[in-house]
Structure formats: C-alpha cells, structure tokens
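Summary of structural features
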Amino acid sequence: MDIAVEDGRPAIVRATSGHAADWAAEHREPLLAAVAEHGAVLVRGLGLRDADQVGAVYRNLADTLMAEKEAFAPRWTYSDGVYSSSKWPPNQPMCMHHELSYATEFPGTMLFACLSAPTSGGATAVADAAAVLAGLPQDLVDRFAAVGWTLTRSYNDEVGVPWSEAFGTQDRAAVELYCRRNGISFDWQPDNGLRTSQLRSSVITHPVGGQRVWFNQIAFLNEWTMAPEVREYLVAVYGQEALPFNTRLGDGEPIGEDVVQLINKVYDANTLREPWQPGDLMLVDNIRMAHSREPYEGPREIVVGMADPVALTACAPTVTPEIQES
C-alpha cells in the first residue's frame, strides 16, 4: 500500500477496487498502521456511493462503532453507528476539536466518507494535537493542565439539540443518573430546560502512542469563536450566563478572547487539509489529531462513524472529573 505524504496535506492512499468493503477488509492492518504513524489517512479511489456501502467499510475497519451521546447538533442515523455529519450552518466553520472530548468516553478513531463534495470549501481538516500542545505558550498549557476546562450547556429547543435528544431519553431520572456517572452537574430550569457543567482535562496522553496532546474543545465551544453577530444575538436572547454552550477554565475563570484567538492561531499553523472528492474515505486518530469542518458552498454529504471507544481514565488526565455511581 503506497502512501503519499506532502506538506500541508494529510497522508493519502490510492485505492483501486471494485468492492470497497473487501478492499477495506484486505487492507485493514496496514491502513490502521498508517493511521497510527501519521494520525490521519485519506483513501482515494474506493468509489463510495451510499451509506450502506460506507457502513460495510466502517464495520470492516473498526472493532466497535459507537452510538453518539451528548450531541451538540442534529444529525440523522443511517444505521447503527453510521451517521450524517452534524447539521451546522454551511457559512460557519466548525473549528478544530476532538470528538466527544467533553465526555468520559470518546472515539479512538473517527471515520469520514464523502458521498457528495461541495463546490467550494468544506474540507475536513486535521491538526496534530501534540504539535499544537508544543506550539502553545508553556504558561498557558501549565494553567490549563492544572485546572482543566469546564463546558457549560443550556439546553433549549431553539439552538442545537434539546436535552432529550442529547441524552437519548425524556426520562429526567435517567438523565440525572447519566450525569452523576459522568461527572456532570445539572440544574433543571422552570421551563423544562436543563443547564449542565462538566469539568474535563485539557491535556491527556495517548494510551498507545504515548504522545502528550492538547485534547479538548476549549476554543471551538467558546463564545469568542462564534461569529460576532451570532455571539451578540445569543447573548441578547439568552444572557451571558445562559448561552447554549460556553467554556471556562476549570476553576471557573472566564477564557478571554485573546486566549481563544491564540489557540485557533496555533491550530491554523498546524492544519493539514485536502478538498473532498466524491468516494473519499478518511480515518482520523481522534486523540492524536483534532479535526474541523471548513465553510462551504454547494451540497455536501459526509457519512460519519465514531469507532473504538477510549475511556478518559486510560489517558492519564491531569484533571479527573468527580464520578458518582448512583
């Protein structure tokens, strides 16, 4: 299996196969080895055409496909563990992040397949989280490593997904049990809304590769990453303390706009991108590499899989959330 590595682009493998699922099964081990070496690999030439075909490929590459939890944006399900990409405004970027880095269990591998490529933009770009950690000022890293980061969410029926969809149940008791078991504090609101807060580690260690990485969604889910007009609207509607989502330092201190801009600047300096072509497949080590979705124009259909769950406790977190068993 030949792998092309060029500056500014993820590693690329050229595949020639009349049957994508068979090719995936045959090349599983060298492909996963390439992901371990490079962090992300794009496979071009499989000719993926529909979600059923993609699902067969995913099942041949992954030991376990995960069900999504604590969702932020709507997506539909094609089959067990096979999803559409999150519904996010095409003109707004989804900035660099690690999938479910706010959870106590997250995918070890992300799988993406392109059925329809946009006319412009829309790349799923990646950035090496060890390089990002090295590129950030040491005092900032030390501060976040010491206290972690906190994600706050105010669920409503207008922005993102309601709590019943995020937690997969309308049973308040089940939501409360999940929150206790996953280190999430919660506060029910009079209008049947829900506010939550969860402390997580900003820096972890890859359980296999051993790389120390910047692993979080501190910048992506912070108010200062939003477009100014979006932030102003949300603050006006919901108030500063009840934004649909926001991030703070783990000790409760607000994160300044300058810090968010610095983090995003370091991500930009370490970004690899390749425009999607129909039929492409990309595998991403979700701990080693952050990923993003760039703004786009035209139809874009990406099929997503979250695979091979990893527990936060297996990654030497510098901050450990408080877990309750009941």
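Use the structure listed above.
In short, a report on the structure. (Residues numbered from 1 in each chain as written. Predicted model: local features only at pLDDT ≥ 70, side-chain atom pairs only at ≥ 80, totals over all residues. Heavy atoms only, no water.)

**Points about the overall build of the protein chain**
Where we set the bar: Secondary structure elements are taken from DSSP: a helix is a run of H or I of four residues or more, a strand is a run of E of two residues or more, and numbering for both begins at the N terminus. Radius of gyration: over C-alpha atoms. The globule rule applied is 2.2 Å multiplied by the number of residues raised to the 0.38 power. Under the scheme applied here, a residue whose accessible area is under 20% of the maximum for its type counts as buried, over 50% as exposed, and between as partly exposed, the area being computed with a 1.4 Å probe on protein chains only. Any two residues whose heavy atoms approach within 4.5 Å are treated as being in contact.
Helices and strands together make up the secondary structure of the protein chain, namely nine helices and 20 strands. For 326 residues, the compact-globule formula gives about 20 Å, and the C-alpha radius of gyration of the protein chain, at 19 Å, lands near that figure. Dimensions of the protein chain along its principal axes, counting C-alpha atoms only, are 55 × 45 × 40 Å. Evaluated residue by residue, the protein chain yields a buried proportion of 54% over its 326 residues. Counting only contacts in the protein chain whose residues sit at least 6 apart along the sequence, the fraction spanning at least 24 positions is 79%.

**Some points on a nonpolar patch on the surface**
Heads up, the rule is: In this scheme, patches are assembled from residues that exceed 30% relative accessible area and form no salt bridge. Like charges are connected within 9 Å, while nonpolar side chains (Val, Leu, Ile, Met, Phe, Trp, Tyr) are connected within 5 Å. Here the accessible surface of atoms and residues is derived via Shrake-Rupley with a 1.4 Å probe, and residues count as covered only by protein chains that are part of the display. What counts as a salt bridge is simple: a side-chain nitrogen of Lys or Arg found within 4 Å of a carboxyl oxygen of Asp or Glu.
Nonpolar side chains collect at one region of the surface, where Met1, Ile3 and Val5 lie side by side and expose about 240 Å² of accessible area between them. Its location among the elements puts Ile3 in strand β1 (residues 3–4).

**Concerning the environment of Glu158**
Counting through the fold element by element, Glu158 comes out in the loop between β10 (149–155) and α6 (163–167). Residue Glu158 is classed as exposed on the basis of its relative accessible area of 64%. Put simply, Glu158 and Pro244 are 86 residues apart on the chain and 9.4 Å apart in space, counted from C-alpha to C-alpha.

**Thoughts on helix α7 (residues 172–181)**
Put simply, the rule reads: This arc describes the spread of directions from the helix axis toward the C-beta atoms. Pairing of N or O atoms within 3.5 Å defines a polar contact, subject to two protein rules: one partner must be a possible hydrogen donor and the other a possible acceptor, and residues neighboring in sequence count only if both atoms are side-chain atoms.
Every buried residue belonging to α7 is among Val175, Glu176 and Cys179, and all of these are buried. Burial along α7 is one-sided: seen end-on, the buried residues are contained in an arc of 100°. Structurally, α7 contributes buried residues whose contacts are with α6, β11 (184–188) and β12 (194–200). Its side-chain oxygen placed 2.9 Å from the backbone nitrogen of Ala173, Asp171 serves as the N-cap of α7.

**Description of the nonpolar core**
Which entries qualify depends on this criterion: Buried residues of nine kinds, namely Ala, Val, Leu, Ile, Met, Phe, Trp, Tyr and Cys, make up a nonpolar core once their side-chain atoms join them within 4.5 Å.
If you look at the biggest cluster of nonpolar residues, it comprises 64 residues, and the most contacted ones within it are Phe106 and Trp214. Excluding its chain neighbours within four sequence positions, the residues that come into contact with Trp214 are His98, Ala129, Val132, Leu133, Leu136, Leu140, Phe144, Ser202, Val203, Ile263 and Tyr267. Ranked by size, the runner-up nonpolar core spans 27 residues in total, among them Ala20, Ala24, Val57 and Ala113.

**Structural notes on the sheet that holds strand β18 (residues 289–293)**
Two pairing modes exist for strands in a sheet, parallel and antiparallel, and in both the strands are linked by backbone hydrogen bonds. What counts, and what does not: At least two DSSP bridges between two strands are needed for those strands to be called paired.
Spatially, the four strands line up as an open sheet ordered β6-β18-β9-β16, and their pairing is antiparallel. Each edge of the sheet is formed by a strand with only one pairing partner; in this case those strands are β6 (94–97) and β16 (271–272). Strand direction decides the pairing type here: β6 and β18, joined by two bridges, are antiparallel. Each bridged residue has a counterpart across the sheet, and for Met94 the counterpart in β18 is Arg293.

**So, the side chain of Ser202**
By the secondary structure assignment, Ser202 is in the loop between β12 and β13 (203–205). Here Phe144 takes part through its backbone oxygen, which lies 3.3 Å from a polar atom of the side chain of Ser202. With near-sequence residues (within four places) excluded, Ser202 lies in contact with Phe144, Gly148, Trp149, Val213, Trp214, Phe215, Asn216 and Ile218.

**Notes on the side chain of His291**
If you trace the backbone, His291 turns up in strand β18. Overall, His291 belongs to the buried group, its relative accessible area being 5%. There is a polar contact of 3.2 Å between the side chain of His291 and the side chain of Glu99. Setting aside anything within four residues of it in sequence, one finds His291 in contact with Cys95, Met96, His97, Glu99, Met110, Phe112, Thr124, Ala125, Val126 and Asn286.

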